[in-house]
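Residue strings, one per chain:
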Number of protein chains: 2
Amino acid sequence: MRPLDFKDGVLRLIDQTRLPTELVYVRCSTYKEVASSITDMIVRGAPAIGVTAAYGIAIGASAINAGTKEAFLKELEDICSVIRSTRPTAVNLFWAVDRMYNKALDNRDSDPDTIKELLVSEAVKMDHEDVEINKALGSHGSKLISDGFTILTHCNAGALATCDYGTALGVIRAARDSGKNINVYADETRPYLQGARLTAWELLQDGIPVTLICDNMAGHFMKSGAIDCVIVGADRIATNGDTANKIGTYSVAVLARENNIPFYVAAPISTIDFSIETGDSIPIEERKAAEVTHIKGIQLAPDGIKVANPAFDVTPNRYITAIITEKGVLYPPYKVNIDGLK
Amino acid sequence: MRPLDFKDGVLRLIDQTRLPTELVYVRCSTYKEVASSITDMIVRGAPAIGVTAAYGIAIGASAINAGTKEAFLKELEDICSVIRSTRPTAVNLFWAVDRMYNKALDNRDSDPDTIKELLVSEAVKMDHEDVEINKALGSHGSKLISDGFTILTHCNAGALATCDYGTALGVIRAARDSGKNINVYADETRPYLQGARLTAWELLQDGIPVTLICDNMAGHFMKSGAIDCVIVGADRIATNGDTANKIGTYSVAVLARENNIPFYVAAPISTIDFSIETGDSIPIEERKAAEVTHIKGIQLAPDGIKVANPAFDVTPNRYITAIITEKGVLYPPYKVNIDGLK
């Protein structure tokens with residue numbers, strides 16, 4: 001279940017705004033189309049955004065018609081700027097853009113056509129790496145999951161948020177594939193409903209038992225003993241372990257600790273921002289009011305109502321039991337153990 | 001702004017399922033229509049349900065055509081049973097039915113026509129009392145609110161949930177009316193969206209500044225320092241102070257305590273169930289899956305998804321800073337102080 005597919009210079013994306021009632025694809029043959037697809041959340045999820053950005057740069061580079069190597073690099077830099085500006089919070093985006101741009105810089109003495117080919121190869125490599133990373137991460141994480149566990153997840157950190165297999169849902173898949181019986185509670189995840197639309201759909205497709213709940217029910221089910229652990233993805237992790245993820249994650253983490261339930265973050269190392277010390281430095285994207293006041297054109301709130309719509313929140317490290325990465329499971333003190341990854 | 005209005009034997013209700021985009025009324029001229037209006041949440045909110053039930057019994061009694069006093073009382077008992085079975089959690093419903101039935105029993109020696117008149121008078125009296133109670137409650141509660149406070153509320157404990165003025169929103173109105181600048185954050189309150197549809201509408205109508213957020217954003221705004229206190233209503237309060245209220249209230253209470261924010265419950269004494277010691281004895285209504293999977297016919301989740309939809313949760317007394325009633329503000333130990341109300 002891959003949300004993206006690159007072939008013959010065209011990136012085909014599942015339009016995640018239209019799931020689960022319609023499975024339709026968007027074709028991007030220019031970097032601007034790729035940029036819009038990220039901004040408009042046709043593709044979302046930190047790892048998937050990163051690889052989509054990489055393909056966008058490869059597509060943009062292929063179309064550059066510059067007279068000199070310098071002019072080529074200048075145009076490439078402009079493309080990278082556009083891709084960078086699509087969304088502010090997930091650091092995988094900037095990580096991917098940097099990796100692509102550095103690939104070009106490292107080969108600046110080659111002719112543009114060679115660099116163009118190298119950029120396509122690099123994006124394809126990142127795509128394949130992402131799947132391998134998720135499988136490694138899933139394998140490490142599944143050791144934390146006992147047979148019969150019921151796992152709460154928030155938003156969608158599944159195959160649809162990555163290049164395949166998923167991070168949080170990758171751990172769940174790995175646990176299931178190792179023979180454990182797993183049940184999942186999926187928060188619907190307002191306002192964009194990634195849980196109701198994407199996680200529920202993805203797990204149903206995969207035959208993993210899932211119960212959909214509203215976000216405000218998670219605490220009730222934790223208190224009633226229905227939940228054995230929480231696993232979520234991440235959009236950016238500071239070097240002290242503070243984690244930005246989909247709005248509502250902080251609340252789930254507080255409720256988990258209050259009820260003595262382990263709270264795990266599952267994310268590739270590319271989600272760690274080694275340049276920041278704490279979550280206070282992570283910019284939180286504010287999205288438009290209509291995402292809250294309307295659903296598919298249906299008006300839910302009165303005309304003229306003021307709305308706040310932060311897309312992410314930051315969970316302080318003290319609420320996080322462990323961070324599951326492709327290199328193993330990190331425990332506190334995160335500052336020391338994240339530093340050890342460098 | 002009254003959600004209900006009784007005149008010439010007919011109860012007119014604002015259809016709260018159609019707010020805020022349409023202000024339309026439902027007319028109930030039989031007790032069965034009143035019962036359906038409660039079950040279908042055309043009217044909701046514990047105090048409003050109580051008074052609606054009372055009017056339903058008065059309407060039902062008026063239509064009884066019994067040969068004897070005994071037959072009249074038997075038919076009245078059957079009507080009370082139907083009204084009782086409409087919703088299970090809000091205790092005001094049972095309190096109101098008991099009060100009406102006892103009114104009839106106390107006058108069992110009168111002829112049925114006299115009892116019919118007494119029941120109408122009793123329902124009207126309960127209606128008027130509710131408004132007075134809310135104003136008294138608001139006046140007590142407003143002393144807890146400082147000028148410039150930003151108050152978070154969940155669901156709708158406003159005029160629309162009562163006969164007028166509101167409980168949680170009554171405190172806010174009283175604070176505003178005493179000259180304080182008050183801002184409100186309203187949780188949208190999935191799945192039924194009482195916050196987005198009703199609280200936002202009601203406060204906008206009343207000129208009180210309100211910001212609509214999704215339920216999963218409340219913790220983020222508490223952590224960021226935007227919220228000075230939380231005020232919610234209640235559907236049933238046990239004698240130890242444990243409080244059943246709209247699903248999500250427990251989560252808000254935990255997040256408030258975690259962030260050292262006062263958490264207040266505003267409710268009339270009729271919401272206290274003196275027959276139960278703890279919240280464990282409060283039945284939690286499970287409502288249908290379609291409330292979660294669909295909004296106004298729009299499908300949000302995949303076909304065949306399993307859903308949990310508890311309409312309420314129980315907030316343990318340790319999270320509740322104070323309970324605001326018409327007789328004053330109750331503080332812990334609630335067991336002692338609630339007992340003192342008897």
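**Student:** When you look at the interface of chain B and chain A in this model, what are you seeing that I'm missing?
**Tutor:** Facing the 55 residues of chain B at the interface are 55 residues of chain A. Of the roughly 4,400 Å² buried between chain B and chain A, counting both surfaces, carbon and sulfur atoms make up 68%. Linking chain B with chain A are 4 salt bridges, by the criterion used here. Summed over the shared surface of chain B and chain A, the number is 22 residue pairs in polar contact (both at pLDDT 80 or more). For the side of chain B that touches chain A, the elements supplying multiple residues, two or more each, are α7 (194–205), β6 (210–213), α8 (218–223), α9 (249–258), α10 (290–293), β12 (298–299), β13 (306–307) and β14 (312–315) of chain B.

**Student:** Explanation requested: the relation of the copies chain B and chain A in the structure shown.
**Tutor:** If you rotate chain B by 180° and push it 0.0 Å along the axis, it lands on chain A with an RMSD of 0.0 Å. Taken together, the rotation and translation describe the operation of a two-fold axis. A share of 100% of interface residues in chain B that are also interface residues in chain A marks the association as one of identical surfaces.

**Student:** Is there a simple way to think about the packing of helix α1 (residues 31–39) of chain B against helix α3 (residues 69–84) of chain B in this case?
**Tutor:** When two helices pack together, their arrangement is given by the angle between the helix axes and by the axis-to-axis distance. Residue and element names in this part refer to chain B. Running from amino to carboxyl end, α1 crosses α3 at an angle of 20°, the nearest separation of the two axes being 9 Å. By the angle between their axes, α1 is roughly parallel relative to α3. The chirality of how α1 crosses α3 is right-handed. Every residue of α3 that contacts α1 at Tyr-31, Val-34 and Ala-35 is listed here: Ile-79, Val-82 and Ile-83. Here the residues of the contact of α1 with α3 sort into 6 nonpolar, no polar and no charged.

**Student:** Just checking my understanding: could you explain the side chain of Glu285(B) for this structure?
**Tutor:** Residue and element names in this part refer to chain B. Inspection of the secondary structure assignment puts Glu-285 in the loop between β10 (263–266) and α10. We classify Glu-285 as buried; its relative accessible area is 9%. At a separation of 2.9 Å, a polar atom in the side chain of Glu-285 contacts the side chain of Arg-87.

**Student:** Honestly, the pattern of salt bridges in this entry has me stumped. Any pointers?
**Tutor:** Close approach of charged atoms lets side chains of opposite charge pair. Residues and elements named next belong to chain A. Tallied over the full model, the rule gives 38 salt bridges over all chains. Here Arg-87 ties to Glu-285 by a salt bridge, and the two come within 2.9 Å at their closest N and O atoms. Remark: Glu-285 occurs in the loop between β10 (263–266) and α10 (290–293) and Arg-87 occurs in the loop between α3 (69–84) and α4 (91–106); sequence separation between them is 198 residues. When its relative accessible area of 6% is taken as the criterion, Arg-87 is described as buried.

**Student:** Hey, could you run me through the domain arrangement of chain A in this one?
**Tutor:** Think of interface size as the accessible area that goes away when the parts come together; that is how it is often given. Residue and element names in this part refer to chain A. By domain assignment, chain A separates into domain 1 (4–134) and domain 2 (143–339). Relative to domain 2, the C-alpha centre of domain 1 lies at a distance of 25 Å. Between domain 1 and domain 2, the buried area comes to about 2,700 Å², and carbon and sulfur atoms account for 57% of it. Of all residues in domain 1, the largest losses of buried area upon contact with domain 2 belong to Arg-44, Thr-89 and Asn-134, amounting jointly to 24% of the total for that side. Summed over the shared surface of domain 1 and domain 2, the number is 1 salt bridge. Linking domain 1 with domain 2 are 18 residue pairs in polar contact (both at pLDDT 80 or more), by the criterion used here. Among the elements of the structure, α2 (46–62), α4 and α5 (112–142) are those that each provide at least two residues to the side of domain 1 that touches domain 2. Considering every element that reaches the side of domain 1 that touches domain 2, the biggest residue donor is α5, with 5 residues. Residue classes in the side of domain 1 that touches domain 2 are distributed as 17 nonpolar, 8 polar and 6 charged.

**Student:** Looking at this structure, I do not really get the sheet that holds strand β16 (residues 328–330) of chain A. What am I missing?
**Tutor:** Paired through backbone hydrogen bonds, the strands of a sheet run either parallel or antiparallel to each other. Strand order across the open sheet formed by 8 strands is β16(A)-β15(A)-β10(A)-β7(A)-β4(A)-β5(A)-β6(A)-β13(B), with mixed pairing between neighbours. Two strands in the sheet have a free side with no partner beyond their single neighbour: β16 of chain A together with β13 of chain B. Relative to strand β15 (residues 322–325) of chain A, β10(A) is paired through 3 bridges, and the arrangement is parallel. Bridging from a neighbouring strand, Tyr264(A) pairs with Ala322(A) of β15(A). Sheet strands in contact with α5(A) are β10, β15 and β16 of chain A, and its direction is about 140° off that of β15(A). Against the sheet, helix α6 (residues 168–177) of chain A touches β4 (150–153), β5 (183–187), β7 (229–232), β10 and β15 of chain A, its axis set at about 125° to β7(A).

Thresholds, definitions, all that
Residues numbered from 1 in each chain as written. Chains lettered and ligands numbered in written order. Predicted model: local features only at pLDDT ≥ 70, side-chain atom pairs only at ≥ 80, totals over all residues. Heavy atoms only, no water. Contact = heavy atoms within 4.5 Å. Buried area = accessible area lost by both parts, 1.4 Å probe. Salt bridge = Lys/Arg side-chain N within 4 Å of Asp/Glu carboxyl O. Polar contact = N/O pair within 3.5 Å; in protein donor to acceptor, adjacent residues only side chain to side chain. Helix = DSSP H or I, 4+ residues; strand = E, 2+ residues; numbered from the N terminus. Least-squares fit on C-alpha atoms with pLDDT ≥ 70 in both. Axes fitted to C-alpha atoms, helices over the stretch in contact; angles between N-to-C directions. Parallel < 35°, antiparallel > 145°, perpendicular 65-115°, else oblique. Left-handed = near helix turned anticlockwise from the far one by under 90°. Nonpolar A, V, L, I, M, F, W, Y, C, P; charged D, E, K, R; others polar. Buried < 20%, exposed > 50% of the residue type's maximum accessible area, 1.4 Å probe, protein only. Domains from an automatic or database assignment. Pairing = 2+ DSSP bridges.

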